[in-house]
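Listed here are the chains, written in short residue letters.
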Amino acid sequence: LISTCFSTDKLMDLRSRKLTNKISENKDVTSLINKTSLHSTKITNKEFDDLRAKKKKERASIVIWRKPITTLIYFIRELLLEIQRLIYGILQHRIKVSLLILLISLMTAAYYIDGSHQQTVANIERQLLWCGYWIGLGILSSVGLGTGLHTFLLYLGPHIASVSMAAWTCNSVEFPEPPYPQDILCPDEESLYPITLWTIMSKVRLEACMWGLGTAIGELPPYFMARAGQ
């Protein structure tokens, strides 16, 4: 029994020594692998930089007048990817898209179906067209289309001047609609309150605000182009 226990202790000590040697060898191997990997990473990074420069040069040569077929293929692929992203975005926001489609459908039905609401629809349509007209003039004033067209001096300023003169002449700003704003006619009754600068500003505030909004919108394309150029 004593001999057996001694042999067992000796065997355990031998196994422990072998395990320690294996761990030491594994550490050396791990260190060697790390060094090799670090060296390989440096080589890979250099190769990657060269490959990236090569690909960038190749992309610069892909233009419609040099490689029309390649350009067309890339265009079709990018178009398909954008359509895929659009469909994915619609599916991600299906509830919002469904509500928007329902709202547009109801507005279209209200616009074309006859009824007592058509007078309200006509007034809303006239106001939206009027606002869109001044927003468009504001965009033209800001963008200019290379001509420096200042629509304030050509459109908004004369409109404010005509409203001001009509307000002082008619002693009122309650012009009959229609024909206002296309034509300014004096109302049948004069205003009970005095005509002041604030009264005239209140009358033309919609046109002025829409024109200012258009000028702000017209500044966005140059801003984004300059930002992209950086």
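Every chain is numbered independently, its residues counted from 1 as its sequence is written. Per-residue local features of the predicted model are confined to residues with pLDDT of at least 70, and side-chain atom pairs are confined, for both listing and counting, to 80 or more; whole-chain, interface and lining totals are unaffected and use all residues. Where side-chain values are given, they derive from all heavy atoms of the structure, hydrogens and water being excluded.

Let's shift gears to the layout of surface pockets. As a volume, the largest pocket reaches approximately 300 Å³. A run of DSSP states H or I qualifies as a helix once it reaches four residues; a run of E qualifies as a strand once it reaches two. Both are numbered from the N-terminal end. At the level of secondary structure, the elements contributing two or more residues to the lining of the largest pocket comprise helix H4 (118-143), helix H6 (197-203) and helix H7 (205-218). For the lining of the largest pocket, the element with the highest residue contribution is H4, accounting for four residues. Classifying every residue of the lining of the largest pocket by side-chain character gives five nonpolar, four polar and five charged. Buriedness for pockets is judged along seven lines, at least five of which must meet protein on both sides within 12 Å for an open set on the 1 Å grid over protein atoms alone, while cavities are sets there where a 1.4 Å probe fits but cannot get out, and lining residues have an atom within 4 Å of a point. Grid points are joined across faces, edges and corners, and a volume is the space filled by probe spheres set on the points. Computed from the structure, the second largest pocket encloses a volume of approximately 200 Å³. Forming the walls of the second largest pocket are Met 107, Ala 110, Tyr 111, Val 121, Ile 124, Glu 125 and Leu 128. When residues of the lining of the second largest pocket are traced back to their parent elements, those giving at least two are helix H3 (94-112) and H4. Top contributing element to the lining of the second largest pocket by residue count: H4, with four residues. Under the convention adopted here, Pro, Cys and the residues Ala, Val, Leu, Ile, Met, Phe, Trp and Tyr are nonpolar, Asp, Glu, Lys and Arg are charged, and Gly plus all remaining residues are polar. Residue classes in the lining of the second largest pocket are distributed as six nonpolar, no polar and one charged.

Checked against the element boundaries, Thr 199 lands in helix H6. Any residue under 20% of the maximum accessible area for its type is buried, any over 50% is exposed, and the rest in between are partly exposed; the area is computed with a 1.4 Å probe on protein chains only. The exposure class of Thr 199 is buried, given its relative accessible area of 15%. Note: C-alpha distance between Thr 199 and Ser 164 (35 residues apart in sequence) is 9.5 Å. Every residue pair with non-hydrogen atoms within 4.5 Å of one another is taken to be in contact. Once residues lying within four places of it in the same chain are set aside, the contact partners of Thr 199 are Val 173, Tyr 193 and Pro 194.

This next bit is on the confidence of the model for the protein chain. With 78% of its residues at a pLDDT of at least 70, the protein chain reaches an overall mean of 77. Per residue, pLDDT measures the predictor's confidence, with a range of 0 to 100. Predicted confidence is poor over residues 22-30, with pLDDT under 50, and the contacts of this stretch with residues over four places away or in other chains come to zero contacts. Note on residues 35-41: pLDDT is under 50 here. Beyond four places in sequence and across chains, it has zero contacts.

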